[in-house]
Amino acid sequence: MSDDKLIHSDDPLIVYCYRQISDAAVFSDLLTARFSQACHDRPVEFRFWDCYQQPPGPDGDLYIFDGMILSALAAKGYIRRLPDIIDTSGIFEWVLNGSKVRNQIFGIPFMLCSNVLISREGETTTINSLLPGQIAAPLQSMIGEYYVLSYFNSPHRDEGSLNTLKRLRKLIGGSNAYERSRFSQYDGIERFIRGECKYLLGFTEDLRYLPPNNYVVQSANISESIRMELPFQYVNYVSVGMRPRDDRLLDCLDLIEILADSQFFLDYCTLDGQMRYLLPANRNLYTQLCALDGLYEQLYAIVSDENNCVLRYGKQFYEEFPQKSAQLRSLLANCSD
């Protein structure tokens, strides 16, 4: 699409975006502004939804989501195969290898997310070495993901994963801490800042809320094994829905190109001078991010591991994952301290 040709349409692009994306308003406003600056006057309407609980609406032009549901969206006919026109040469190889559906590209990966263990320098250890009360973790909200991460890295699969969840429940402080471990009530970051717990099990984005210090960030081994043989990472995608045709489809591809552009991600990560510690899927951006903040050297070491795997569930995600998570929360609620 030429930069000097203004495209007119009053019919908005419908973008379903998972609501857990970091700073959703910043992300959507920036993407909409860049789309307008690229000589488009078509409105963009964002609809935020919880991608882990239910499918999106079927009327989306674009879908932005966590890769856990990639297979489900493709199997249920929400998204389509993408043409080979988006530059993915900078994407980590392990990301590209784990992003295909039936050996075809159904989504462009643009951002990563990692479960990490954050500590202060001099207090580095592993989760398996922690004592009760030493760690904060959003266990109830993340219980399904923790189960999956442990399942594929534990020698005893289901039994090992359940043991891991029960151990995490003890490590965060038992029943009282477990009751407060939903994101809606979670105060783990504040307790870590106050020094009430030495370790924070969370995401790299949590670093933005911490006061200046020398932090150690390591990939979190949520399993019974000494070492994770399959270090899974979350990958965020943008995909095209089934509705767009002709100029509307071209607009969708333009929006994807903007989202995949290096400058967009850098601006999203550093807008208003606030480092958000987001993880680009494009390996080429880490040099610039490391120059801005030395913590990115640790983050790059995590995401550049060639053994990393994309965390994806099967096509039955919505039939299985929410129900399994609910069962696990109930099971842990009835455990004794």
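Keep in mind it's a predicted model, so treat the numbers as computed, not measured. (Residues numbered from 1 in each chain as written. Predicted model: local features only at pLDDT ≥ 70, side-chain atom pairs only at ≥ 80, totals over all residues. Heavy atoms only, no water.)

Visitor: So, the overall build of the protein: which residues are in play, and what are the values?
Guide: Along the protein, the regular secondary structure elements total twelve helices and 13 strands. Relative to the compact-globule value of 20 Å for 337 residues, the protein shows a C-alpha radius of gyration of 20 Å, a close match. Seen along its three principal axes, the alpha-carbon backbone of the protein occupies a region of about 65 × 45 × 35 Å. Burial status across the protein gives 55% buried among its 337 residues. Sequence separation of at least 24 residues holds for 78% of the intrachain contacts in the protein that already meet a minimum separation of 6. If the 32 positive side-chain charges of the protein are averaged to one point and the 43 negative ones to another, these points end up 7 Å apart. (Helix = DSSP H or I, 4+ residues; strand = E, 2+ residues; numbered from the N terminus. Rg over C-alpha atoms; globule rule 2.2 N^0.38 Å. Buried < 20%, exposed > 50% of the residue type's maximum accessible area, 1.4 Å probe, protein only. Contact = heavy atoms within 4.5 Å. Lys, Arg positive; Asp, Glu negative; His and termini not counted. Charge placed at Lys NZ, Arg CZ, Asp CG, Glu CD.)

Visitor: Quick one: what's the story with the environment of Leu-230, residue by residue and with numbers?
Guide: Along the polypeptide, Leu-230 turns up in the loop between strand E10 (215-219) and strand E11 (232-240). Looking at Leu-230, the relative accessible area reads 32%, which means it is partly exposed. In the structure, Leu-230 is positioned 80 residues away from Ser-150 in sequence and 9.7 Å away in space, judged by C-alpha atoms. Excluding its chain neighbours within four sequence positions, the residues that come into contact with Leu-230 are Phe-152, Asn-153 and Cys-309.

Visitor: So what about the packing of aromatic side chains? Which residues, and what values?
Guide: Counting across every chain of the model gives 27 aromatic pairs. An angle of 85° between the planes, with centres 5.5 Å apart, marks the rings of Tyr-313 and Phe-317 as edge-to-face. Exposure remark for Phe-317: the relative accessible area of 0% places this residue in the buried category. Among the aromatic residues, those joined into a ring-pair cluster are Phe-27, Phe-46, Phe-48, Phe-110, Phe-264, Phe-265 and Tyr-268. (Phe/Tyr/Trp six-rings, centres within 6.5 Å; stacked < 30°, edge-to-face > 60°.)

Visitor: Help me get a handle on the environment of Glu-45, residues and values and all.
Guide: As for its placement among the helices and strands, Glu-45 is situated in strand E2 (residues 44-49). Sequence-wise, Glu-45 and Tyr-151 are 106 residues apart; in three dimensions their C-alpha atoms are separated by 38 Å.

Visitor: Break down empty space enclosed by the protein for me, with residues and values.
Guide: Enumeration over the complete set of coordinates arrives at one cavity of 30 Å³ or more. Every residue lining the largest cavity is listed: Ser-114, Asn-115, Leu-149, Ser-150, Asn-153, Ser-219, Ala-220, Ile-222, Met-228, Pro-231, Phe-232 and Gln-233. For the lining of the largest cavity, the secondary-structure elements that each account for two or more residues are helix H4 (139-151) and E11. For the lining of the largest cavity, the class distribution of residues is six nonpolar, six polar and no charged. (1 Å grid on protein atoms, 1.4 Å probe; cavity = no way out; pocket = protein on both sides within 12 Å on 5 of 7 lines; lining within 4 Å. Points joined across faces, edges and corners; volume = space filled by probe spheres on them. Nonpolar A, V, L, I, M, F, W, Y, C, P; charged D, E, K, R; others polar.)

Visitor: So what about the pattern of salt bridges? Which residues, and what values?
Guide: Summed over the entire model, instances satisfying the criterion amount to 15 salt bridges. Across the pair Arg-47 and Glu-45 runs a salt bridge whose closest N-O atoms are separated by 2.9 Å. The salt bridge partner of Asp-84 is Arg-81, with a shortest N-O separation of 4.0 Å. Ionic contacts of the salt-bridge type, sharing partners, join the residues Asp-11, Asp-61, Arg-243 and Arg-248 into one network. (Salt bridge = Lys/Arg side-chain N within 4 Å of Asp/Glu carboxyl O.)

Visitor: An account of the packing of helix H1 (residues 24-37) against helix H9 (residues 262-270) is needed here, citing residue identities and associated values.
Guide: Between H1 and H9, the shortest axis-to-axis distance is 10 Å and the interhelical angle comes to 145°. Viewed along their axes, H1 and H9 form a crossing whose handedness is right-handed. Side by side, H1 and H9 meet where Val-26, Phe-27, Leu-30, Leu-31 and Arg-34 of the first sit next to Gln-263, Phe-264, Asp-267 and Tyr-268 of the second. Residue composition of the contact of H1 with H9, by class: six nonpolar, one polar and two charged. (Axes fitted to C-alpha atoms, helices over the stretch in contact; angles between N-to-C directions. Left-handed = near helix turned anticlockwise from the far one by under 90°.)

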